[in-house]
Amino acid sequence: MAAAVEGPELEAAAAAGDASEDADAGSRVRPFLGGNRLSLDLYPGGCQRLLHLCVQQPLQLLQVEFLRLSTHEDPQLLEATLAQLPQSLSCLRSLVLKGGQRRDTLGACLRGALTTLPTGLSGLAHLAHLDLSFNSLETLPSCVLQMRGLGALLLSHNCLSELPEALGALPALTFLAVTHNRLQTLPPALGALSTLQRLDLSQNLLDTLPPEIGGLGSLLELNLASNRLQSLPASLAGLRSLRLLVLHSNLLASVPAGLARLPLLTRLDLRDNQLRDLPPELLDAPFVRLQGNPLGEASPDVPSSPVAALIPEMPRLFLTSDLDSFPVTPRGCSVTLACGVRLQFPAGATATPITIRYRLLLPEPGLVPLGPHDALLSHVLELQPHGVAFQQDVGLWLLFTPPRARRCREVVVRTRNDNSWGDLETHLEEEAPQRLWAHCQAPHFSWFLVVSRPVSNACLVPPEGTLLCSSGHPGVKVIFPPGATEEPRRVSMQVVRMAGRELQALLGEPEAAVSPLLCLSQSGPPSFLRPVTVQLPLPSGITGLSLDRSRLHLLYWAPPAVTWDDITAQVVLELTHLYARFQVTHFSWYWLWYTTKNCVGGLARKAWERLRLHRVNLIALQRRRDPEQVLLQCLPRNKVDATLRRLLERYRGPEPSDTVEMFEGEEFFAAFERGIDVDADRPDCVEGRICFVFYSHLKNVKEVYVTTTLDREAQAVRGQVSFYRGTVPVQVPEEAEAARQRKGADALWMATLPIKLPRLRSSEEPRRRAGLSLAPLNLGDAETGFLTQSNLLSVAGRLGPDWPTVALHLGVSYRELQRIRHEFRDDLDGQIRHMLFSWAERQAGQPGAVGLLVQALEQSDRQDVAEEVRAVLELGCRKYQDGIRRTGLAPKDPALPGSSAPQPPEPAQA
């Protein structure tokens, strides 16, 4: 079985004996193991890798306390793997079995295959943190109820309809999250969780709460948002430790008066309910949020109270970056999202309250449908629930940067409806010279993006016939005779120009010329009942009186063919002084050429590709204060100079690469070579290669950390980063050799740029994990433990989209947070690192900074990262105490006069 898992390499290792097997297992676990953490959730075949490690039992595996494993695996293989954990990872403290890492072809997150857990997992005696989010659980596995030491249990994004009574018997549980499930009721035994401090039950179907919930004496935070609660039990007033109570987007008509007397309550969120009256203490309290409630409203004949007059007819919501949902009531509202999107829900758009969720997704080929000459102008906005039917159209405004070339092009909002993409009627509103809004009416919710395309003209062809003209090229017309169709069908037309100089340079013929390129499409049957007449202008500079008909070619192309066909001999060309007319029965692409060349099809393909190509330069820059931080970017040639001027204050590096030609939406890779590798677990990293998708109007930039296996204390390390289309070859060519191989736009190798990691300043400088050479920040103190810059880098790599929430809990101002988002646009890793390291630099030398970080992680629902930080601190404390004992200055002994204090040990590395 092991050979089937790892292939020929394992067979060779098995033949070498037990000692070599142990060494092989140690080398195999090293790429995934960092300290006492084993991360297999971002690697394909994680279960197979873990099974192999369990068979080999390397020494590193016995030290693992934190395990992350993806549940996008075969269910039987996943169950077999989990059954091995109690024997192989007996010291496990944190177990993360999350789905959601994979997406479908449309970009939606997929749930994991986990439906239950092996009963033997109850033998994990040290387990304190269990994350089962984004799976397919319908009932809580019985083994969970036997984990007596469990302190944090995360069950969000599953299919749970109820919780078992036995859940109340977990004596150490302090954090429980069951958001985005199908809970309709809660067990009364929930009130027996005397140690519970944080309870999140938002986004469920709860309509009542058991009175026993008032027994949660240690509860600090309670989130019940987006349920169906119509009333609250009076026992909530017994939660004397409660500081945060979130009840927005429910159906509450009143709340218990005792809530006003909770001594520690600092925030009470009652937005978007049906409240008409509140105790005076709550009505005037500054920590109560009441927007979206009909307070003071009576019958229509009774005048409104002064309180109701303060609430606008249509609420206006301004969402911060840490919010991903908002409520909409029948009164409607105007919403401004943090990502630069506006929505307007008119009154009566929905008959019942509804919670809208949104995400801004990075563009991917499977999620961005582009035509041959389209260009993407925005990221992808996803609005949920998909397919929701509103009683009135919802206004949608998407912000974008206008394209440089606007002649004969238009901007539209593209969306998905059912199984097809379509363009919405779009109006442009200018906010500033370089800031435009694309405004449309959204008939449904799904995915939305802004696209620049050639001007499109469309009409409905009736049986009586009609005429369709191009608004960008008046000489282009299509004439539909009577009887061309039995049922009305919709046809559309797009026209693309090609510069004559480019064609002449391509063909090497000064007199060559072409007409505009015409694309015709239709709905309904593929052919018309009667021939349709198409009129194209003659190629530029050519007239019907002087042309040589033997040099005139009518070309036709129908996707997915790769070449153009010369159909001049198959049609009757009627020539006038300015135009050529011909008849067709079905639609595709048409092009008139005037040239002395005989075989025009292949030349037309090259010209057509030239119209779609973008001339770009590739950039690789290293941060001045941290050379291991490398910024990779692919820019259109006209944007390179301005971008370099902006970046060179903080970065340095080689000149941009030579000009490369790329298509819109083309995928390519960056590969580090000659001893340099990527030092990160990134979902866009495939076998050590960073995956890019080129979009001409977006910032094609990524920032990565690199490391080296070479000795940097002896000398500087000189490597390189190369950019490739498709698969990187096994034998990486030298730059000169690759240059000889490069023959055109479809060449495999595109460019190579040098990377230099300077020599370390001192051999005594602590080495970072995996070769990173940053000096430690020593955040904290010797007694409570240090966090180095390497530790913070590990924390930054785990935060992901949760970083704004963590930042706000750390005390970072919202204004600074927005500045970071703007400065590191389209670079999530850069945003996270800049926020965390700039905060750490301000906290250096101040007591309590590490505790503040742990508290912020817990408040942001990142208990897993908080546990890892605690483990690092505990290791540092043990080293410090060991150092004191070795010097004979134990804490219980008084320090001798004149004796020097022991030096703190090296900071623990994670």
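Residues numbered from 1 in each chain as written. Predicted model: local features only at pLDDT ≥ 70, side-chain atom pairs only at ≥ 80, totals over all residues. Heavy atoms only, no water.

**Brief notes about the overall build of the chain**
In plain terms, the rule: For the purposes of this entry, the term helix denotes a DSSP run of H or I that reaches at least four residues, the term strand denotes a run of E that reaches at least two, and both are numbered from the N terminus. Note on contacts: a residue pair qualifies if any of its non-hydrogen atoms lie within 4.5 Å across the two residues. For the accessible areas, the method is Shrake-Rupley and the probe is 1.4 Å, while residue cover comes only from the protein chains on display.
Of the regular secondary structure elements, the chain holds 18 helices and 50 strands. The contacts in the chain between residues at least 6 apart in sequence include a share of 60% that link residues at least 24 apart. Looking at the chain as shown, the accessible area adds up to about 41,200 Å², and 51% of this sits on carbon and sulfur atoms.

**Topic: the packing of aromatic side chains**
Rule in force here: Working definition: a ring pair exists when centres of Phe, Tyr or Trp rings (six-membered ring for Trp) sit within 6.5 Å. Plane angles under 30 degrees give stacked, over 60 give edge-to-face, the rest tilted. Two conditions define a charge sitting above a ring: the NZ of Lys or the CZ of Arg must be within 6 Å of the ring centre, and it must be within 35 degrees of the ring normal.
By the definition in use, this model includes 16 aromatic pairs. Among the aromatic residues, ring-to-ring pairing joins Trp557, Trp564, Trp589, Trp591, Trp593 and Trp608 into one connected group. Above the face of the Trp608 ring, Arg612 is positioned so that its terminal group lies 4.6 Å from the ring centre. Across the ring face of Phe669, the terminal group of Arg689 is positioned such that the distance to the ring centre comes to 4.2 Å.

**Digging into the pattern of salt bridges**
Which entries qualify depends on this criterion: Between Lys or Arg on one side and Asp or Glu on the other, a salt bridge is scored when a side-chain nitrogen of the former is within 4 Å of a carboxyl oxygen of the latter.
Counted under the stated rule, the structure contains 20 salt bridges. Notably, a salt bridge pairs Arg819 with Glu816, separated by 4.0 Å at the nearest N-O pair. With Arg819 and Glu816 both in helix H15 (residues 814-823), this residue pair falls three residues apart, about one helical turn. Each member of the salt-bridge network shares a partner with another, and the members are Asp374, Glu410, Arg414, Asp423 and Arg453.

**Quick look at a positive patch on the surface**
We apply this condition: Exposure above 30% relative accessible area and the absence of a salt bridge qualify a residue for a patch, where like charges join within 9 Å and nonpolar side chains (Val, Leu, Ile, Met, Phe, Trp, Tyr) within 5 Å. A residue counts as positive if it is Lys or Arg and as negative if it is Asp or Glu; His and the chain ends are not included. Note that the charge is assigned to NZ on lysines, CZ on arginines, CG on aspartates and CD on glutamates.
Taken together, the side chains of Arg624, Arg652, Arg718 and Lys756 make up a positively charged region of the molecular surface. Looking at the secondary structure, you find Arg624 in the loop between strand S38 (613-623) and strand S39 (626-636).

**Quick word on the sheet that holds strand S32 (residues 527-537)**
We count it as follows: At least two DSSP bridges between two strands are required for those strands to pair.
The five strands lie next to each other as S27-S28-S32-S36-S35, forming an open sheet whose pairing is antiparallel. This sheet does not close on itself; its edge strands, each paired only once, are strand S27 (466-469) and strand S35 (574-575).

**Describing empty space enclosed by the protein**
Note the threshold: Here a cavity is any set of points on a 1 Å grid over the protein atoms alone where a 1.4 Å probe fits but cannot get out, and a pocket is any open set with protein on both sides within 12 Å along at least 5 of 7 lines; a residue lines the site when it has an atom within 4 Å of a point. Grid points are joined across faces, edges and corners, and a volume is the space filled by probe spheres set on the points. Each residue is assigned to one class: nonpolar for Ala, Val, Leu, Ile, Met, Phe, Trp, Tyr, Cys and Pro, charged for Asp, Glu, Lys and Arg, and polar for all the others, Gly among them.
Enumeration according to the criterion identifies four cavities of 30 Å³ or more in this entry. Empty space within the largest cavity amounts to approximately 160 Å³. Elements with a contribution of two residues or more to the lining of the largest cavity: S39, helix H11 (640-647), strand S46 (700-708) and H15. Class assignment for the residues of the lining of the largest cavity results in five nonpolar, two polar and seven charged. As a volume, the second largest cavity reaches approximately 80 Å³. If you go around the second largest cavity, you meet 11 residues; those closest to its centre are Asn791, Ser794, Val795, Glu868 and Val869. At the level of elements, helix H13 (789-799) and helix H18 (863-887) are the ones that each hand at least two residues to the lining of the second largest cavity.

**Here we look at the side chain of Gln633**
Checked against the element boundaries, Gln633 lands in strand S39. Apart from residues no more than four positions distant in its own chain, Gln633 is found in contact with Asn617, Leu618, Ile619, Thr643, Leu647, Lys699, Asn700 and Val701.

**Section: the environment of Pro482**
Relative to the assigned elements, Pro482 resides in the loop between strand S28 (477-480) and strand S29 (489-496). Separated by 18 residues in sequence, Pro482 and Glu464 have C-alpha atoms that sit 4.4 Å apart. With residues near it in sequence (within four places) discarded, Pro482 still touches Pro463, Glu464, Gly465 and Arg530.

**Details of the sheet that holds strand S47 (residues 717-725)**
With respect to topology, five strands assemble into an open sheet ordered S44-S45-S42-S47-S48, the strand pairing being antiparallel. For this open sheet the edge positions go to strand S44 (685-686) and strand S48 (749-757), each flanked by a neighbour on one side alone. As defined by bridge partners, S44 adjoins strand S45 (residues 689-693) across two bridges and the pair is classed as antiparallel. Residue pairing for S45: Cys685 is matched across the bridge by Ile690.

**Some thoughts on unusual backbone geometry**
Leave glycine aside and you will find that most residues have negative phi; peptide bonds, for their part, are mostly trans. Gln384 connects to Pro385 through a cis peptide bond whose omega is 5°. With respect to the helices and strands, Pro385 occurs in the loop between strand S19 (380-384) and strand S20 (394-400). Cis rather than trans, the peptide bond between Pro559 and Pro560 has omega equal to 5°. Looking at where Pro560 falls in the secondary structure, it is placed in the loop between strand S33 (552-557) and strand S34 (565-566). You will see that Phe134, though not glycine, has its phi angle at about 55°, which is positive. When you line up the elements, Phe134 lands in the loop between strand S5 (129-131) and strand S6 (152-154). A positive phi angle, near 55°, is found at His157, a position not held by glycine.

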